[in-house]
Structures are given as C-alpha cells and as structure tokens.
Amino acid sequence: MVSFKSIATTTLLSATILAGISASTDAAGKEHQGKALGHAKHAKIAQCKNGQPKNVILMIGDGMGISQLGAYRYYKDNENVPGLDKISFDNYLVGSQLTLSDDPKLNITDSGAAGTALATGVRTFNGAISVDKNKQAVRTVLEDYKAAGRSTGLVATSELTHATPAAFAAHNPSRKDEMDIAKQMARTVKVGKEEQPIVDVMLGGGTDFFQQKDKNGKVTLDLVKQMQDKSGFKYVTSRDEMLKDTNSKRMIGLFAESAMNKHIDRTEKEPSLKEMTDTAIQKLSQNKKGFFLMVEGSQPDWSGHANDLTGMISEISAFDEAYQSAIEYAKKDCNTLVIALADHATGGLSVGTGEKYEFHPKVVDQMKMTHEGLTAKLLEKDADIEALVNENIQIKDITAEEKKAIIDAAKAKDEAKTLAAINKVVDKRANAAWGSKVHTGEEVHVYAFGPGKEKFMGVQHNIQNAENIRSFLK
Ligand SMILES: [Zn+2]
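No experiment lies behind these values; they were computed from the predicted model shown.

Participant: Would you mind showing me how to read the coordination of the zinc ion here?
Facilitator: Taken together, the protein ligands of the zinc ion are Asp-62 (OD), Asp-62 (OD), Ser-111 (OG), Asp-343 (OD) and His-344 (NE2), with distances of 1.8 to 2.5 Å. All donor residues of the zinc ion come from one chain, and their arrangement in sequence is D-x48-S-x231-D-H. Taken together, the positions of Asp-62 in the loop between β1 (55–61) and α3 (66–76) and Ser-111 in helix α4 (residues 111–120) put the pair 49 residues apart, joining distant regions of the chain. An identical accessibility class is assigned to Asp-62 and Ser-111; each is buried.

Participant: Which parts of the structure should I look at to understand the pairing of strand β10 (residues 251–254)?
Facilitator: Residues in a regular strand project their side chains so that they alternate between the two faces of the sheet. Burial of the side chains of β10 extends over both faces: Met-251 and Gly-253 are buried on one face and Ile-252 and Leu-254 on the other. Sheet analysis places strand β6 (residues 201–205) next to β10, joined by four bridges and oriented parallel. Residue pairing for β10: Met-202 is matched across the bridge by Ile-252. Taken together, the three bridges between strand β9 (residues 234–236) and β10 define a ladder with parallel strand orientation. Its bridge partner lying in β10, Tyr-235 is registered against Ile-252. For the crossover that starts at β9, traverses helix α10 (residues 239–244) and ends in the parallel β10, the hand is right-handed.

Participant: I'm lost on the pattern of salt bridges in this one. Help?
Facilitator: Opposite charge on two side chains allows them to pair when their charged atoms are near. What the rule picks out here adds up to 18 salt bridges. Here Asp-90 makes a salt bridge to Arg-73, at a shortest N to O gap of 2.7 Å. Of this pair, Asp-90 sits in the loop between α3 and β2 (93–98) while Arg-73 is found in helix α3, placing the two residues 17 residues apart along the sequence. By relative accessible area, which is 22% here, Arg-73 ends up partly exposed. Residue Arg-139 is joined to Asp-144 by a salt bridge in which the shortest nitrogen-to-oxygen separation is 2.6 Å. Note on Asp-144: relative accessible area 2%, which makes it buried. If you follow the salt bridges from partner to partner, you end up with Arg-139, Asp-144, Glu-467 and Arg-470 in one network.

Participant: Looking at this structure, I do not really get the packing of aromatic side chains. What am I missing?
Facilitator: In this description, a pair of aromatic rings is defined by centroid distance and the angle of the planes. Here the structure, examined in full by the defined rule, presents 10 aromatic pairs. For the ring pair Phe-89 and Phe-319, a centre distance of 6.1 Å and an interplane angle of 20° mean the geometry is stacked. Here Phe-89, found in the loop between α3 and β2, pairs with Phe-319, found in helix α13 (residues 309–333); they are 230 residues apart in sequence, far enough to count as distant. A single burial state applies to Phe-89 and to Phe-319, both of which are buried. You can call Phe-89 buried: its relative accessible area is 0%. Taking NZ or CZ as reference, Lys-331 lies 5.8 Å from the ring centre of Phe-449, over its face.

Participant: For this particular structure, what's the right way to read the environment of Glu-355?
Facilitator: With respect to the secondary-structure elements, Glu-355 resides in the loop between β14 (349–350) and α14 (371–378). Since its relative accessible area comes to 79%, Glu-355 is described here as exposed.

Participant: Could you clarify how one ought to interpret the packing of α4 against helix α18 (residues 463–471) in this entry?
Facilitator: Close contact between α4 and α18 brings their axes to 5 Å; oriented N to C, the two are set at 25°. When the axes of α4 and α18 are compared, the pair comes out roughly parallel. Mapping the contact onto sequence places Ala-117, Leu-118, Ala-119 and Thr-120 in α4 and Ile-463, Asn-465, Ala-466, Glu-467 and Arg-470 in α18. Classifying every residue of the contact of α4 with α18 gives five nonpolar, two polar and two charged.

Participant: How do you make sense of the packing of helix α11 (residues 273–284) against α13 when you look at a structure like this?
Facilitator: The relative placement of two packed helices comes down to the angle between their axes together with the axis-to-axis distance. At a closest axis distance of 8 Å, the pairing of α11 and α13 adopts a crossing angle of 25°. By the angle class used here, α11 and α13 are roughly parallel. Classified by chirality, the crossing of α13 by α11 is right-handed. Of the residues in α13, those touching α11 at Leu-273, Lys-274, Thr-277, Asp-278 and Ile-281 are Ala-318, Phe-319, Glu-321, Ala-322, Ser-325, Ala-326 and Tyr-329. Classifying every residue of the contact of α11 with α13 by side-chain character gives seven nonpolar, two polar and three charged.

What counts and what doesn't
Residues numbered from 1 in each chain as written. Predicted model: local features only at pLDDT ≥ 70, side-chain atom pairs only at ≥ 80, totals over all residues. Heavy atoms only, no water. Donors = N, O, S within 2.8 Å, 3.2 Å for Na, K, Ca; no water. Helix = DSSP H or I, 4+ residues; strand = E, 2+ residues; numbered from the N terminus. Buried < 20%, exposed > 50% of the residue type's maximum accessible area, 1.4 Å probe, protein only. Pairing = 2+ DSSP bridges. Right-handed = clockwise from strand over helix to strand, strands pointing away. Salt bridge = Lys/Arg side-chain N within 4 Å of Asp/Glu carboxyl O. Phe/Tyr/Trp six-rings, centres within 6.5 Å; stacked < 30°, edge-to-face > 60°. Lys NZ or Arg CZ within 6 Å of the ring centre and 35° of its normal. Axes fitted to C-alpha atoms, helices over the stretch in contact; angles between N-to-C directions. Parallel < 35°, antiparallel > 145°, perpendicular 65-115°, else oblique. Contact = heavy atoms within 4.5 Å. Nonpolar A, V, L, I, M, F, W, Y, C, P; charged D, E, K, R; others polar. Left-handed = near helix turned anticlockwise from the far one by under 90°.

So far we have only geometry, and geometry alone does not tell us how the molecule works.
Here is the structure:
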C-alpha cells in the first residue's frame, strides 16, 4: 500500500498542472466547436498537419514482440499472391523502443515495470505499479490528462486491475495487491473545483476486484456502486448492454470475474477488443477538451507464457482489429494520435525452427480454441475429454499417438502436460519453436499515426513515450 502522503501530493500536483494548461485546451475546444461549414475542410487539413493531438490513444499489445508480429504476418499472408503481404501496422511503423526495467537483480522487464515506464516515464523494479525505486508514487500520463480536464479511459482483456492498466491509474509497490489497486482505480480526484473519477471509462474483466466479497460470497466493498452513486457511471456486464448504451459519458463494463476469455474462446456475453475500443472512444470523445485512452490487448503475453501459437496469433488478430478501428477514427477526427507498441516480447517465438526453411502458422485455423482455453476445458470436472479434443482440434493428420498424449495428460489432470501436448501438435505442423516461458529482452516495434507522431520516431527508451504523451499538454 502506498502511503497516503504520496497520493495526496499527486492530487496537489494535478491542480497546478490544470492551472497551467487550461488556456490552451479551452482555445482548442472552442476552435473545434466553432468550426463553420464552409471553412471546415481547410481548417481540418491545417489542423491535421500542424496541430498538437487533442486526443491520445495508446495501444499496448502485451507481449507482442517483433517475431510474434512476424508470425502474424505469415498467418495473414495471401498465398495466392507471391511474397509476403503487408499487415495493417506496416503503414505506421515509426521506430522501436527498448524495454528495460530498473530492477536490482533482473534485466528483463515484467509488465509492472514496463507499464510504469510507459505510464509515468520512470524506470522502476519488476512488479511495481507506478511507484519509483523508493516505492513513492509517480504521476501517470492518465493523471495528467485528467488534471488537464480531459476524459480518460482504460480498456483491457485482462482484469482491469492487472499490471498494465493498473500502472496508468494506481500506485502500489506490488502488482499483486489488486484489491487495493481497484480502490485506487475507482477513486475521484479534484479537477478544478469539480470532483471527478480518475478514469471515466473502464472496460475489461474484474468483478472480483471491483465488487470485493468475503469468504461467503457476500459483497463487502462495492466499488461499482460507489462509482455509480458518486460519478454517475453506467455499469454494464455484457456485450449487448455495452453496445446498446450510447448516451452515457462514463461507463464501467466488467465482463468477467477476473480476466476475460481469449478472443476465439469468448462467450456471447463478452465484447471483442474492437467493440470495447469503439465504445470507449464514443464515450470519451464527448469531451470537447479531448481524451487519453489506453487500450491493452492483454493476452498475446499470456499466450507467449503458455507457448500457445493459436492464442498468440488470434490475440494479435483481435488487437489488429481494434487498432484498425482506432486508426479509422483518428483519420476522420484529425486531432487524434494513435500509438501502438508492445511493452516487451514474450515466449521467444521462433518463426521457423530446426533444419527446415519453413513456417506454416495457418494451421492454427484448424484449432477451434486456444491451447490454454482448451486445456482449461479438458481439466474441468466431468469433461468429456475425447469429444472436446475431437471437436476443437481439427488438424486432419493428427496421429493416434498425439491424441492419446493429450487425453492421458487431461485424464491425469496434469495441466502443464496437457498444454504441452497440444502445443506440440500445432508447433510441429507450423514448424514453430519457443525459447522462453517468460518475457524476452529484445526491442519492440512502435507505430504512430496522427499529429505528434514524429516524437516517436527512431530508437527510444520506453520511458520516452510518457514524456512524449505529456508534452502534448504543454
Ligand atoms: Zn507485459
């Protein structure tokens, strides 16, 4: 738990920053509103070229390293056309970022330190959530944008209290303290004279943390209710409810107790990352002063940890879909900067392995679930193991031996062995391999589109991103 003093300091700083920048945001807001029909076209073009972004959308593909994107490119390739095709990200590549944390023992970052670097511009120890090496809270760009009167949003497919989204709106020396992190994410801050929620739109998983229960399942702390009562949040728990609501300015959408299911394992109740991104933009863009939105594709990382090629590719695909939608919005809006990057790579994916000059990731289309998702299903009580295997692994040349290895491991309730047996079937046909079960230390791509994109060009340290995003408030 962070000391009360450091949080209080954060709030004081907010007021100072607010006073400093209110003039410029007011001007920008009026310009937008006062746009006359006849001059709209010219004014818009000029703004597109020279203006500072009013809105910033930062998209983080957790664990989406360069080789993971390389695998995705092979997966997306139209084989009837010679050569490898472009993927949507290619048009917006501006550089790369180094992903180092500042840990006394470890020189590869975790998502806490990486999230802190991106959110605050401060390098810290692994496991930290926006605190520095002395465990003191450090300001996040989301807090800065809120203090400047802009709206703020967080979208993730993990629980919202997980490391990356947490790093934008909470401060804690331990990413594991998700109960406290939820409280901080539900807090209000003073913006001018008004009491406002620190985050106006939150969409993802995590009822377990926002409606905290005792051992008997009785709700002991209902943060959602507090947010509804204090700040007029609309609360939704399903895709339908979320899509139906077009009026609310503030929304908390919790679609799972903890993390949401992966894209191809989703239930009907769960929206896609694109749908959550579109919804967040629709809400936040009602603020004429602008907004800051962080969208995390949380689970390429988890697929990397699990060495799950099907999960990796389908999660990047879901991220790509959300990315294209954000770019589309930015192209129309003209005042929006979209940055996409990874916080680090995960799994050490090898795009081709052994002695064969081949890589065939399209085999993942013959998987009806991710390897992790299927493993969980196979280990459920009373699972019809054989039926599940036949239904979800539609790889035609799977051998009886391969099937038996999966079924035996599942019957023995051995999670690691079941997952490994499924991985093996897919990796063999794709000719893929994995060099790590955790994060790897290489640089990652950075993509940017919209006013201000020049700041992200070249090779930069991850902490520079926060400084760049902050600079647009000046
Ligand atoms: Zn991460």
